[in-house]
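# Fold and geometry: a report
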Amino acid sequence: MEAVYIIVNLLVFLGLAPLFEGIIRKITAKVQSRQGPPIYQPYMDIFKLLGKATINSADNWGFKFAPMMAFASIVSVIAFFPLANKANYLTQYADIITIIYLLTLGGIAVLLGALSSKNTYAMIGASREMITMIMVEPVLAMTLIMGAVKMKSLGIDITMFSINSVGYGWSVALMLVVYLAALQAFVGRPPFDISEAEIEILEGPFIEYSGPNYALFKYYMMLKQMFYAALFVMVFIPFLNTGIYIVNLAVQIVEIGVVFGFISLIGSTNARLRIDQAIKFYSVLIVLALCAVGLSVYGI
């Protein structure tokens, strides 16, 4: 039965990630007094890209392999993610280090594809992406480490359920604020969509991609932002277990939708930051995250 939950995880994320992307676009359009595209537009974008021919502007393995590597990394994380607080067969074989590793691997795949393309704009985007990874990934790591400290375990199912056991303290409250502040950077949304910056560097790392390869990258980004939203719900929102898996899953999907509403409102009301401004902001988040971990060590 536990293997069935793996399939449910994949179906939920693969099926709903484009929908949440469409919701973001719709809310952004409404805030900016536009009609905007239909909510199902991201599905159409992916299907259209999958139907186009693949054009490899760079003839090397890195450029061709990067989209598959990025997509595989995020799907692997989703497979053992305890959605609806239900551990599946793979959850027992992974820990928080596995999550950090696979999420970082996806970012490295983006860098690999951009650098392999040898396009100037792609390289600029890659440099910005690299800076963002170096400055933001520690916040993710310390969020999970705080849960591990409180529960004295690296296990995913135990660490992510810690809020139900320990409740809110100063450390959890502080990390919640830090995670929310870093969420836009995690998902590459304004004001932290610096590596893509469509108006400045024309999609940056993805500028040379087209067809199915670009579809994989687009899908990867949608799945990634849904995962970070789901991770926030899992770690920081107390879980009310109704005893019925489908109901628990539905409640959690609604909560993820609320987080996406927050993402879209922040993104549609803030202008993109310069990379030097973003670095200063990231530095403050790292310091605050370290403080939260320090407080958790002392049980605060």
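So, here's what we can say about the structure.

Thresholds applied
Going along each chain's sequence as written, the residues are numbered from 1 onward. Note on the predicted model: pLDDT of at least 70 is required for a residue's local features to be given, and 80 or more for side-chain atom pairs to be given and counted; whole-chain, interface and lining totals, by contrast, use all residues. Heavy atoms from the whole structure form the basis of all side-chain values; hydrogens and water molecules are not counted. Here an axis means a line fitted to C-alpha atoms, over the contact stretch when the element is a helix, while the angle between two N-to-C directions is reported on a 0 to 180 degree scale. Labels follow the DSSP assignment, with helices taken as runs of H or I lasting at least four residues and strands as runs of E lasting at least two, numbered in each case from the N terminus. Angle categories: roughly parallel below 35 degrees, roughly antiparallel above 145, roughly perpendicular from 65 to 115, and oblique for all the rest. Left-handed is the label given to a crossing in which the near helix is rotated counterclockwise from the far helix by less than a right angle, and right-handed is the label when the rotation is clockwise. Residue contacts follow a heavy-atom distance rule, with two residues in contact if any of their heavy atoms lie within 4.5 Å. Three residue categories are used. Nonpolar comprises Ala, Val, Leu, Ile, Met, Phe, Trp, Tyr, Cys and Pro, charged comprises Asp, Glu, Lys and Arg, and polar comprises the others, including Gly. In this scheme, a residue with accessible area under 20% of its type's maximum is buried, one over 50% is exposed, and one in between is partly exposed, where area comes from a 1.4 Å probe on protein chains only. Pairing of aromatic side chains here covers Phe, Tyr and the six-membered ring of Trp, requires ring centres within 6.5 Å, and sorts the geometry by plane angle: under 30 degrees stacked, over 60 edge-to-face, intermediate tilted. The definition of a polar contact used here is a pair of N or O atoms within 3.5 Å, where within protein one atom must be able to donate a hydrogen and the other to accept one, and adjacent residues in sequence count solely through side-chain atom pairs. Helix span is expected to be 1.5 Å times the residue number reduced by one. Here, nonpolar core means buried Ala, Val, Leu, Ile, Met, Phe, Trp, Tyr and Cys residues that are tied together by side-chain atoms lying within 4.5 Å of each other.

### Some remarks on the packing of helix 3 (residues 61–80) against helix 4 (residues 96–117)
- Two numbers describe how helix 3 lies on helix 4: the axes approach to 8 Å, and their chain directions differ by 160°. Classed by the angle they form, the pair helix 3 and helix 4 counts as roughly antiparallel. Considering the relative orientation of helix 3 and helix 4, their crossing is left-handed. Note on element contacts: helix 4 touches helix 3 through Thr98, Ile99, Leu102, Leu103, Leu105, Gly106, Ile108, Ala109, Leu112, Gly113, Ser116 and Ser117, opposite Trp61, Gly62, Phe63, Ala66, Met69, Ala70, Ser73, Ile74, Ser76, Val77 and Phe80.
- Among the residues forming the contact of helix 3 with helix 4, the class breakdown is 15 nonpolar, eight polar and no charged.

### Focus on unusual backbone geometry
- A positive phi angle, close to 60°, is found at serine 33, a residue other than glycine.
- Owing to a relative accessible area of 69%, serine 33 belongs among the exposed residues under this scheme.

### Notes on the side chain of glutamine 252
- Following the sequence through the fold, glutamine 252 ends up in helix 11 (residues 245–268).
- A relative accessible area of 3% places glutamine 252 in the buried class.
- Apart from the residues lying within four places of it in its own chain, the contact partners of glutamine 252 are Leu83, Ala84, Asn85, Val233, Met234 and Phe239.

### Describing the packing of aromatic side chains
- According to the stated counting rule, one finds 13 aromatic pairs in the structure shown.
- Taken together, a centroid distance of 4.8 Å and an interplanar angle of 55° make the contact between tyrosine 5 and tyrosine 245 tilted. Of the two residues, tyrosine 5 is situated in helix 1 (residues 2–31) and tyrosine 245 in helix 11; the sequence distance between them amounts to 240 residues. A single burial state applies to tyrosine 5 and to tyrosine 245, both of which are buried.
- Residues phenylalanine 20 and phenylalanine 260 carry aromatic rings whose centres are separated by 4.7 Å and whose planes lie at 10° to one another, so their mutual orientation is stacked. A residue pair is termed long-range when its members are at least 10 positions apart, and phenylalanine 20 in helix 1 and phenylalanine 260 in helix 11 qualify at 240 residues. Neither phenylalanine 20 nor phenylalanine 260 differs from the other in exposure class; each is buried.
- Three or more aromatic residues joined by ring pairs make a cluster, and in this case those are Phe13, Phe81, Tyr179, Phe186, Phe227, Tyr228, Phe232 and Phe236.

### Brief notes about the environment of methionine 221
- As for its position among the elements, methionine 221 is in helix 10 (residues 211–236).
- What makes methionine 221 buried here is its relative accessible area of 19%.
- C-alpha separation for the pair methionine 221 and phenylalanine 71, spaced 150 residues apart in sequence, amounts to 8.7 Å.
- Contacts of methionine 221, omitting those with residues within four sequence positions, involve Val187, Glu196 and Phe206.

### Structural notes on the environment of serine 76
- Inspection of the secondary structure puts serine 76 in helix 3.
- Owing to a relative accessible area of 33%, serine 76 belongs among the partly exposed residues under this scheme.
- In sequence terms serine 76 and isoleucine 99 are 23 residues apart; their C-alpha atoms lie 9.1 Å from each other.
- Within the structure, serine 76 has its side chain in polar contact with the backbone oxygen of alanine 72 (distance 2.7 Å).

### Re helix 11
- The end-to-end C-alpha distance of helix 11 is 35 Å, a good match for the 34 Å that 24 residues give at a rise of 1.5 Å each.
- For helix 11, the full list of buried residues reads Tyr245, Asn248, Leu249, Gln252, Ile256, Val259, Phe260, Gly261, Ile263, Ser264, Gly267 and Ser268.

### Some words on the nonpolar core
- With 84 residues, the main nonpolar core has Phe13, Met175, Phe186, Leu223, Phe227 and Phe236 as its most contacted residues.
- With 19 residues, helix 10 is the single largest residue contributor to this core.
- Dropping the residues within four chain positions of it, phenylalanine 186 is found in contact with Val136, Val139, Leu140, Tyr179, Lys224 and Tyr228.
- Of all hydrophobic cores here, the second largest spans five residues; its members include Ala114, Ala122, Ala126 and Met133.

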